[in-house]
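# Examining the three-dimensional arrangement
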Amino acid sequence: MGSNSGFNFFRKIWHILGLIIPITLYLDPFSQSFGLLFATRAILVTSLGVFLILLFLLELVRLKHPGFESFFYTYFGFLMKESERKRFNGTVPYFFANFLVVLFFPPAVAILSILFLVIGDPSAAYIGSKYGKHRFYNGKSREGILGFFIPAFLFSVITLYLISSEDPHHFLSVMGADGVEWKPIIIAFFGVFAACTTEFFANTTAKGLIDDNLLIPLVGAVTISVGSVFFLAGTPEPFLFSPMDLYQSIK
C-alpha cells in the first residue's frame with residue numbers, strides 16, 4: 001500500500017498482465033473444446049502449472065548460482081526488488097495463487113479474487129508511493145489503503161454486473177426480480193476488505209514463497225466463498241472444485 005520503497009512501474013505492469021487469466025475465465029473461449037467439460041479451466045490450470053514449475057526451477061538455479069543470478073538481474077532486474085536477489089521473486093507466489101484459485105474455486109470467485117491482486121495491489125503501490133502522507137508502523141499509508149480498496153471494489157461491482165448480464169441466474173448475480181440484489185455486492189465488499197487487510201499485514205516468509213501475492217487472492221476467494229455459502233441461495237455444491245474433474249469428458 002505504498003511503502004517508502006517507491007513504485008516499480010515495470011513490475012506492476014508485468015503483474016497487471018495477469019488480467020489475461022480472469023478475462024479468459026470470463027470469456028471461456030475454449031468452452032467444451034477437446035471434448036472436455038471444463039476445457040478453459042483445464043487449459044488455464046495446465047498452462048499455469050507448467051509455467052509455475054519452469055519458473056520455480058529457474059529461480060532455484062538463479063539462487064544457487066551467483067553467476068547466473070548476476071546475468072539474470074542484469075537483464076530482468078527491472079522487474080525485481082533488490083531484496084529478491086537472495087530469495088524467490090514475487091512472480092512465483094503470484095502465479096501459484098492464480099493456479100490455486102482457478103483450480104479450486106468457481107470461475108466467478110477466481111475472477112474476483114485475482115482482480116483484488118492485479119487491480120488493488122498496483123493501484124495501492126502507485127497511490128501510496130505518490131500521495132501517501134499518513135504512514136503506519138510498516139511504512140504503508142492510509143492513502144495506499146484507499147488506493148487498494150476503491151479500485152478493487154469498483155472493478156468487483158463491474159465484474160458482478162457483467163457476470164449477471166451473461167447469466168441472470170448465477171449465484172452472484174446482482175440482477176434480482178425486484179431490482180438490484182445487494183447481497184453479492186456486500187459479499188464482494190467484504191472480500192475486498194479481507195484482501196486489503198491481508199495486503200496491509202502480509203509479510204514475506206519462506207524465502208519469498210509466501211507473501212501478499214499469494215495471500216491476497218486466497219483470502220479473497222475464501223471470504224467470497226464463505227459469504228456466498230452462508231448468505232446466497234443457489235451456490236454450487238460442493239463449492240470447491242475437485243481436481244479429479246479437471247479433465248472430465250463431455251458425456
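Our structure is the block above this text.
Attention here is on the structure that accompanies the text. Fair warning: this is a prediction, and the values are worked out from it, not measured in the lab.

Cut-offs and rules
Residues numbered from 1 in each chain as written. Predicted model: local features only at pLDDT ≥ 70, side-chain atom pairs only at ≥ 80, totals over all residues. Heavy atoms only, no water. Salt bridge = Lys/Arg side-chain N within 4 Å of Asp/Glu carboxyl O. Helix = DSSP H or I, 4+ residues; strand = E, 2+ residues; numbered from the N terminus. Buried < 20%, exposed > 50% of the residue type's maximum accessible area, 1.4 Å probe, protein only. Polar contact = N/O pair within 3.5 Å; in protein donor to acceptor, adjacent residues only side chain to side chain. Contact = heavy atoms within 4.5 Å. Phe/Tyr/Trp six-rings, centres within 6.5 Å; stacked < 30°, edge-to-face > 60°. Lys NZ or Arg CZ within 6 Å of the ring centre and 35° of its normal.

Moving on to the pattern of salt bridges. Applying the stated rule across the entire model yields five salt bridges. Here E69 makes a salt bridge to R85, at a shortest N to O gap of 2.9 Å. In this pair, E69 sits in helix 4 (residues 66-76) while R85 sits in the loop between helix 4 and helix 5 (91-104), placing the two residues 16 residues apart along the sequence. With relative accessibility at 7%, the residue E69 sits in the buried group.

If you trace the backbone, S164 turns up in helix 7 (residues 142-166). Given the relative accessible area of 0%, S164 is considered buried. Within the structure, S164 has its side chain in polar contact with the side chain of S173 (distance 3.5 Å). In this structure, S164 is in contact with L172, S173, V174 and M175, ignoring residues within four places of it in sequence.

This part takes up the packing of aromatic side chains. A complete count under the given rule lists 14 aromatic pairs for this structure. With a centroid separation of 6.1 Å and 20 degrees between ring planes, the pair formed by F149 and F153 is classed as stacked. Here F149 and its partner F153 are both found in helix 7, four residues apart, which amounts to about one turn of the helix. Comparing F149 with F153, the two get one shared label, buried. Relative to F201, the ring of F200 has its centre 4.9 Å away and its plane inclined at 85 degrees; by these criteria the two rings are edge-to-face. Given a relative accessible area of 51%, F201 falls into the exposed group. Three or more aromatic residues joined by ring pairs form one cluster here, namely F136, Y137, F200 and F201. Just above the ring of F241 sits the side chain of R41; from NZ or CZ to the centre is 4.1 Å. The ring centre of Y73 lies 3.9 Å from the NZ or CZ of R85, which sits over that ring.

Geometry only, nothing functional implied.
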